[in-house]
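Take a look at the letters that make up each chain.
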Amino acid sequence: MSGSRNKKVTKYRKPFHINIGVIIFAAIFIYLVICVYMYATRVRISPYEVKAGSLAEDNTYTGLILRQETVVHAEQSGYVNYYAREKEKVANGTVVYSIDESGKAMAALAESAKEENILSGDNLKTIKSEIQNFSNSFDDSDFTSVYDFKYSLEGDIIELMNTAMLTDLSDIASQAGGMFNTYSASEPGVVVYNVDQLEEITADVVTADMFNEANYKKTNLRTNEIVNPGDPTYKLITGEDWSVVIQMDEEQVRRMQDMQYVQVRFLDDNTKAWASFSMSSRDGNTYGKLEFRNSMIRYADKRYLNIELMLDQTKGLKIPASSLVDKDFYLIPLDYLTVGGNSSQEGFMLETYDENGQASMEMIYPTVYSVSETEAYVDTVEFHLGDYVIKPESQERYQIGKKATLKGVYNINKGYAVFRQVNILYQNEEYCIVEEGTKYGLSIYDYIALDGSAVKEDDIIYQ
């Protein structure tokens, strides 16, 4: 009995079996986690399709008009009446205005004029046309132009009425004696009824302050009913030649320094004209002078004129500025570039050494990214610093070491990044125009990396 009690009892242990399903599931799970992590952390490159395009510079300016102008002043006091329309060409001796000291003579003439229709059908048609033109060009942001137009229209109507009464002026003058006088133009010219103290300004004394229109003051002379001796009565423009002065920045100075003529578009009426061009500098500013030989009368009543210089637009392949990168290259003389081996491709004969120090030559075919007149640009990964290349049919050797930088983009047509040089024709903050058809450059419809700084040579591109 005791023997049976002392017997050890051994527990049954289940044999260990590897669950292949669990292992497969764990492996798949780990693989998915790694893939998700790599997908979430890898840099994605946005592609940009290269297209033909152009960049037009902002060549619009507000210019200061300079002309041959003479201000005519009153010789006596009295009520002033005008007989020439603004921007009308008058001949020498043409009556421009009259001064009536008492005002009675013109009042009597105006009273008698009520009995007949002073304004003709052509006069009314002219007034209607002026109103229609102003209505079409009116800008809500420039409400003060309404008052200018009001004074202009009132002046035109009075001038038309006074012109119709010109035949009676001699009778009025004889009856009124020295109380009523008419005044004629002393030379041919264009009549303008405003002054601004800039009539005698010449291009060599123009300053930057003169372009501040906020400080500009123009006096409309047709709003004056009474004048005193010495008061301005009208302005006479006596020459057809005129000029527009503009302020220029450094980029425009660089681009236009060799120009003698430039086509100009007048933004007020969208007309174009050619001007001779010159530049001058003073007080740290550069001014451009555009000289014209005609069309002065169209802008005779203006001092400032909005213009656009019709410079050629730069055309080529349009790419974003963000795609541009700089890359270093080894420079190798073109004399060392040759065709050899079993290939028709150009390459270089690289001097190599075996384990015993014996020299031999190996033909390598690196990518040539650009060439100058004397040298080829090759990638730095193709050679080691200090390597020698051999000149064809010669024992001359050239040691690799000289470097230079090219500007370019990364082409991603094949799914990996390949550097392509670009020749920039024009660039602004967002885009640049590069030359099309270069041997080692881009072609239309190529795809490039939008952000060149996020890419390296031979990177696999994930989009």
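Look up: the structure comes first, before these words.
Below: a short report on this structure.

Rules used in this analysis
Each chain has its residues counted from 1, running along the sequence as written. Per-residue local features are limited, in this predicted model, to residues with pLDDT of at least 70; the limit for side-chain atom pairs, both in listing and counting, is 80 or more; totals at the level of whole chains, interfaces and linings are taken over all residues. Hydrogens are left out, water is left out, and the side-chain values use all remaining heavy atoms of the structure. Note on pairing: DSSP must find at least two bridges between two strands before they are called paired. Under the DSSP-based scheme used, a helix requires at least four consecutive residues in state H or I and a strand at least two consecutive residues in state E, with every element numbered from the N terminus. Any pair of residues with heavy atoms lying within 4.5 Å of one another is described as a contacting pair. Salt bridge, as used here: a side-chain nitrogen of Lys or Arg that lies within 4 Å of a carboxyl oxygen of Asp or Glu. Buried, partly exposed and exposed residues are distinguished by accessible area as a fraction of the type maximum, computed with a 1.4 Å probe on protein chains only: under 20%, between the cut-offs, and over 50%, respectively. Only buried residues count toward a nonpolar core. Its members are Ala, Val, Leu, Ile, Met, Phe, Trp, Tyr and Cys residues joined through side-chain atoms within 4.5 Å. Helix axes use the C-alpha atoms of the stretch in contact, all axes being lines fitted to C-alpha atoms, and the angles between their N-to-C directions lie in the range 0 to 180 degrees. Think of it this way: a Phe, Tyr or Trp ring, Trp meaning its six-membered ring, pairs with another when their centres are within 6.5 Å, and the plane angle makes it stacked under 30 degrees, edge-to-face over 60, tilted otherwise. Charges are assigned to positions over rings by a cutoff of 6 Å between ring centre and Lys NZ or Arg CZ, combined with an angular limit of 35 degrees from the ring normal.

1. Things to note about the pairing of strand S24 (residues 368-371)
- In this sheet, strand S25 (residues 375-379) lies alongside S24 in antiparallel orientation, the contact comprising three bridges. Note that in S25 the partner of Val368 across the bridge is Val378.
- Hairpin geometry of S24 and S25 is characterised by an intervening segment of three residues between the two adjacent antiparallel strands.

2. Quick word on the environment of Ile307
- Within the secondary structure, Ile307 is located in strand S18 (residues 304-309).
- Along the sequence, Ile307 and Val264 sit 43 residues apart, while their C-alpha atoms lie 6.6 Å from each other.
- Setting aside its immediate chain neighbours within four residues, Ile307 contacts Asn59, Thr60, Tyr61, Val244, Ile246, Val264, Arg265, Phe266, Leu267 and Leu290.

3. Focus on the pattern of salt bridges
- Scanning the entire structure with this criterion turns up 18 salt bridges.
- A salt bridge links Glu86 to Arg222; the shortest N-O distance between them is 3.3 Å. Placement of Glu86 in the loop between strand S5 (78-82) and strand S6 (89-90) and of Arg222 in the loop between strand S11 (219-220) and strand S12 (226-227) is noted, with a sequence separation of 136 residues between them. The pair Glu86 / Arg222 is uniform in exposure class, with both members buried.
- The salt bridge involving Glu251 is made with Arg254; its shortest N-O contact spans 2.4 Å. Of this pair, Glu251 and Arg254 are both found in helix H7 (residues 250-256), three residues apart, which corresponds to roughly one turn of the helix.
- The partly exposed category is assigned to Glu251, whose relative accessible area is 34%.

4. Focus on the sheet that holds strand S9 (residues 189-192)
- On the basis of which strands lie adjacent, the open sheet formed by four strands has the order S4-S13-S9-S6 and antiparallel pairing. What marks the edges here is a single partner per strand, and that holds for strand S4 (69-73) and S6.
- In this structure, S6 lies alongside S9, joined through two bridges in antiparallel fashion. Along S9, the bridge assignment pairs Val90 with Gly189.

5. Structural notes on the nonpolar core
- Trp242, Val264, Phe266, Leu290, Phe292, Ile307 and Leu309 are the most contacted members of the largest nonpolar core, which has 25 residues in total.
- For this core, the elements supplying multiple residues, two or more each, are strand S3 (60-66), S9, strand S14 (242-248), strand S15 (261-266), strand S16 (271-282), strand S17 (285-292) and S18.
- Per-element accounting of this core gives the leading share, four residues, to S14.
- Once residues within four sequence positions are removed from consideration, Trp242 is found in contact with Ile65, Leu66, Arg67, Phe266, Leu290, Glu291, Phe292, Asn294, Ser295, Met296, Tyr299 and Leu305.
- Counting residues in hydrophobic clusters, the runner-up holds 17 residues, among them Val80, Val90, Tyr183 and Tyr234.

6. Quick notes on the sheet that holds S14
- Taken in spatial order, the six strands close into a barrel running S3-S14-S17-S16-S15-S18, and their pairing is antiparallel. Averaged over all adjacent pairs, the angle separating strand axes in this sheet is 45°, with direction ignored.

7. Quick notes on the pairing of strand S13 (residues 232-237)
- In terms of residue burial, S13 counts as a mostly covered element, since five of its six residues are buried.
- In terms of strand pairing, S9 meets S13 through three bridges, oriented antiparallel. Looking across to S13, one finds that Val191 is bridged to Leu236.

8. Observations regarding the packing of aromatic side chains
- Going through the model one piece at a time under the given rule, you end up with 17 aromatic pairs.
- Of the aromatic side chains, those joined through ring pairs into one cluster are Tyr82, Tyr97, Tyr183, Tyr193 and Tyr234.
- Directly above the ring of Tyr431 sits Lys318, whose terminal nitrogen or CZ lies 4.7 Å from the centroid.
- Directly above the aromatic system of Tyr369 lies the positively charged group of Lys327, at a separation of 5.3 Å from the ring centroid.

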